[in-house]
Each structure stands twice: as structure tokens, then as C-alpha cells.
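# A look at the structure
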Amino acid sequence: MEQSFIADRIKRLAESATLAMSQKSSELRAAGVDVINLSVGEPDFPTPDHIKLAAISAVENNFSHYSPVPGYLSLREAIADKLSRENHASFTPAQIVVGTGAKQELSNTIMAVVNPGDEVIIPVPAWVSYVEMVKLAEGTPVLVQAEMSQGFKVTPEQLEAAITPRTRVVLICSPSNPTGAVYTREEIAALVEVLRRHPQVLILSDEIYEHINYTPQGHVSFGEFPEIADRLVIVNGVSKAYAMTGWRIGYMAGPAPVAKAVSKLQGQTTSGTSTIAQKAAEAAYRGAQECVEQMREAFRRRRDLIVGLAREIPGLELDMPSGAFYIFPCIKSYLGKSYTAADGTRRTISTDTEMAMYLLEEAHVATVAGSAFFLPGYIRLSYAAAEEQLTAAMARISDALARLK
Ligand code: PMP
Ligand code: GLU
């Protein structure tokens, strides 16, 4: 087809590197290559049984018609209760919009509040999709670098320096994808103190990894800070906490006019999301929460395993992540080194993207390059995989890196 049919906004859009890498690894697998996929970040556990049963019951009870655009009231009530119980945040169901994953609600919120030219501050490394969502809304992403030396977390001084009269949104993710960094209560309080002085700024807090947090303090939500309650949007969902990535349920909770605007947008684009998945999500929020803890403990064991194995590899530098299910090692000591490819040619690895390709093609382990998260020189590995797979993957990576001269 003629390239000219494609709109400029899509030509400008970068492809999701996480999904692209996962797709590539599926293709290699289909071609018979034994690839270990540590690229895409999603729990490998099955969805807990009581949640599945709620979905089956929804089918049997004919929840087969359109739901309200922002989601069933009973689900939004369950989410409001969850926000109050777990996050000490007060939202009414009218302030909540449920949609097709946290991804859609992040994108809808950005679309609903960002005017062309508005600045959106994004601490990086950050998840691949934020910047593209801002660009789609014709906003200007303002990236603030949080280096490994600062635990991949922005300081209040950096935030203050990045805010201008054009700043409309600050988008923060803790626990972080891709670094696993977790802001402490004191660190969040210090950021809130800066934001308190800039009442034109909306805080968009992506808390999708809230339950995958290994710190003794546990998750600290921006919802705990009344100083900013009137301009806070929390985005969260069931994907990570309840191993429900494919069910596609996420939500935004924010000021009533923002929720209304998001609902208006959703009403003209996708309508209310799947009724069956909504009923399943309601069971997740209303049901027993032991499954969440069990999965977190499994992730913790895997983190300890993969970090231990990664630390045995010479020249690989990494922090112990405090949350999420990723490690984000620095691979700079291997850049500039070469190997002999299968066709006999000598190839040099100069970038993290080339490193991710090398690991895929030569070690058959799928990872994602740090530059996709706006920090070149690193790679991201998801450890949401079985322990044997993690052990095998790290052995393959270790061998492949040792072959670089
Ligand atoms: N935010 C972050 C930081 C993520 O890693 C993800 C997972 N891709 C999402 C949001 C979206 O999650 P979902 O759409 O599955 O709810
Ligand atoms: N959170 C996952 C990741 O970052 C899911 C894939 C995506 O939506 O980007 O790998």
C-alpha cells in the first residue's frame, strides 16, 4: 500500500519497543528457535481462580450489553473502596473512569488535559509509551534524567528546575518501569512540596506496580498527600497485581472535571470496556488479597535469583531494584567490543540496541534496549518468568558477553 495513506501523526509515532521485541521473540520461537523472552513485562502466573469464576458467572448471567462509558458503578465503587483502603485516597465513583488497561487511561488522561505546546515533565528512564502519548496529544515531553547514581529517581531540585509556566503535567511512576526504583515517603513528600508551589501542574501518578514493592515501607501513593489532592490523577489497574494483563482493565481516578473529560473522550472512541472483564476486576478488588502477596513473594525470590546471577557477570553494573519485575543493568563496559557472526563477518556492538539484538540472535534471550526507555547504555530484563528460565537466560547472556572481545 502507498505510504502516503498514513497520517503524519502515525508516521511520527515510535513503535512500542517492548511489544516489538516480544513480537520478534514470538516470531523466532515460531521458526523453531528456543528463545527465552525477558522482554515484555507481564506476570506469567495464571489469573487467580476466584477472578476467573466471576468472569464465567458474568457470561452465564448475560452481562453482554454495553456498560456505562466509565465502567459499571459497582466496579467504580470497588475501586473507590480500594483507593481509600490501600492508598488513603478519597475518590467518589464519579471521579473514576475504567477503561482498556492503565495504558488507555493514561493516554485518555493526557489527551484530556494537554493542549498543543503544553509541557509534560517525565522523569526518565521511563516506560516506552509516555512520550509517544504526549506527542499524540501535541504536547511537549520534557525529560528529566535520573541517573543510576541517584537510584534512578529525580530530586526535588531537578523537578523544580524543569517546571516552567507551560508545564501542565508531571508524570511519575513508582515503582518504576524500567528500573524498579521506588520513591520513599520522604522522597515523595519532597516532590509534593515542590508541586505545592506550582498550582497549574497536574500530577499524573502511574501506580500500576504498587503491589510489586519489596520495601519494608511498602507502596506510598501520591494519594496520601492532601496538599495536591485536588489536582492528582492516579492511574492503576489489575494487570500486574492480579496477573490480568490480557483482560485489559485499568482506571484513572482524578478531579471530577478531568474524569468527565476522559469519559467524554472514551464515549466517542471506545465506549465502556469489556463487561466480562469488568466483572472479573470487581472480583479482584472485592475478593481475598492473598494471591497478590503470593505473587509478590514469588517475584521477590526471582529478583534475588536474577540479581545474584547478574552480579556474577563481570562488567555488568546493576542496582538491587526495590519494586516492579525488571532489572536494568548498565552494559556500557561491553560497548565497542566485537564478535564473529554466524556468516563469518566480524561485528562490533556500539549501542544498547545492538546489544539487545546480539543477545536475541546469539544468546536467544529477548531483552529491551535502555534507549527505548530514554537511557542508552542499559538493557531491561523482565524477571516475570519461571526460575529455571531465568537461570538459563542468565547463563546464555553470560556466555554471549564472554564471547565479546
Ligand atoms: N504503566 C506502566 C509503567 C506499565 O509498565 C504498563 C504495562 N505495560 C502500563 C502502564 C499499562 O498496563 P495495562 O495497560 O496492562 O493496565
Ligand atoms: N509493562 C509491559 C512492558 O513494559 C507491557 C508491555 C507494554 O505495554 O509496553 O513491557
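Look a little higher up for the structure.
Note that the coordinates shown come from a computational prediction; the quantities given were computed from them, not determined experimentally. (Residues numbered from 1 in each chain as written. Chains lettered and ligands numbered in written order. Predicted model: local features only at pLDDT ≥ 70, side-chain atom pairs only at ≥ 80, totals over all residues. Heavy atoms only, no water.)

Turning to the packing of aromatic side chains, a few remarks are in order. Counted by the stated rule, this structure contains 14 aromatic pairs. With centroids separated by 5.1 Å and ring planes inclined at 45 degrees, the aromatic side chains of F299 and F325 adopt a geometry described as tilted. Of this pair, F299 sits in helix α11 (residues 290-311) while F325 sits in the loop between α11 and β9 (326-327), placing them 26 residues apart in sequence. The residues F299 and F325 share a single accessibility class, namely buried. Here K279 stacks its cationic end above the ring of Y72, 4.7 Å away from the centre of that ring. (Phe/Tyr/Trp six-rings, centres within 6.5 Å; stacked < 30°, edge-to-face > 60°. Helix = DSSP H or I, 4+ residues; strand = E, 2+ residues; numbered from the N terminus. Buried < 20%, exposed > 50% of the residue type's maximum accessible area, 1.4 Å probe, protein only. Lys NZ or Arg CZ within 6 Å of the ring centre and 35° of its normal.)

So, on to the site of ligand 1. Close to ligand 1 lie 14 residues; A102, N177, D206, Y209 and S239 are nearest. In this structure, Y209 approaches ligand 1 through a side-chain N or O atom, which is 2.7 Å from an oxygen atom. One of the side-chain N or O atoms of R248 is found 2.8 Å from an oxygen atom in ligand 1. Notes on ligand 1: free accessible area 400 Å², of which the protein chains cover 92%. Taken atom by atom, the bulk of ligand 1 overlaps the largest pocket. Class assignment for the residues of the shell around ligand 1 results in 7 nonpolar, 3 polar and 4 charged. (Near = heavy atom within 4 Å. Polar contact = N/O pair within 3.5 Å; in protein donor to acceptor, adjacent residues only side chain to side chain. Areas by Shrake-Rupley, 256 points an atom, 1.4 Å probe, with all protein chains shown as cover. 1 Å grid on protein atoms, 1.4 Å probe; cavity = no way out; pocket = protein on both sides within 12 Å on 5 of 7 lines; lining within 4 Å. Sits in = over half its atoms within 2 Å of the grid points. Nonpolar A, V, L, I, M, F, W, Y, C, P; charged D, E, K, R; others polar.)

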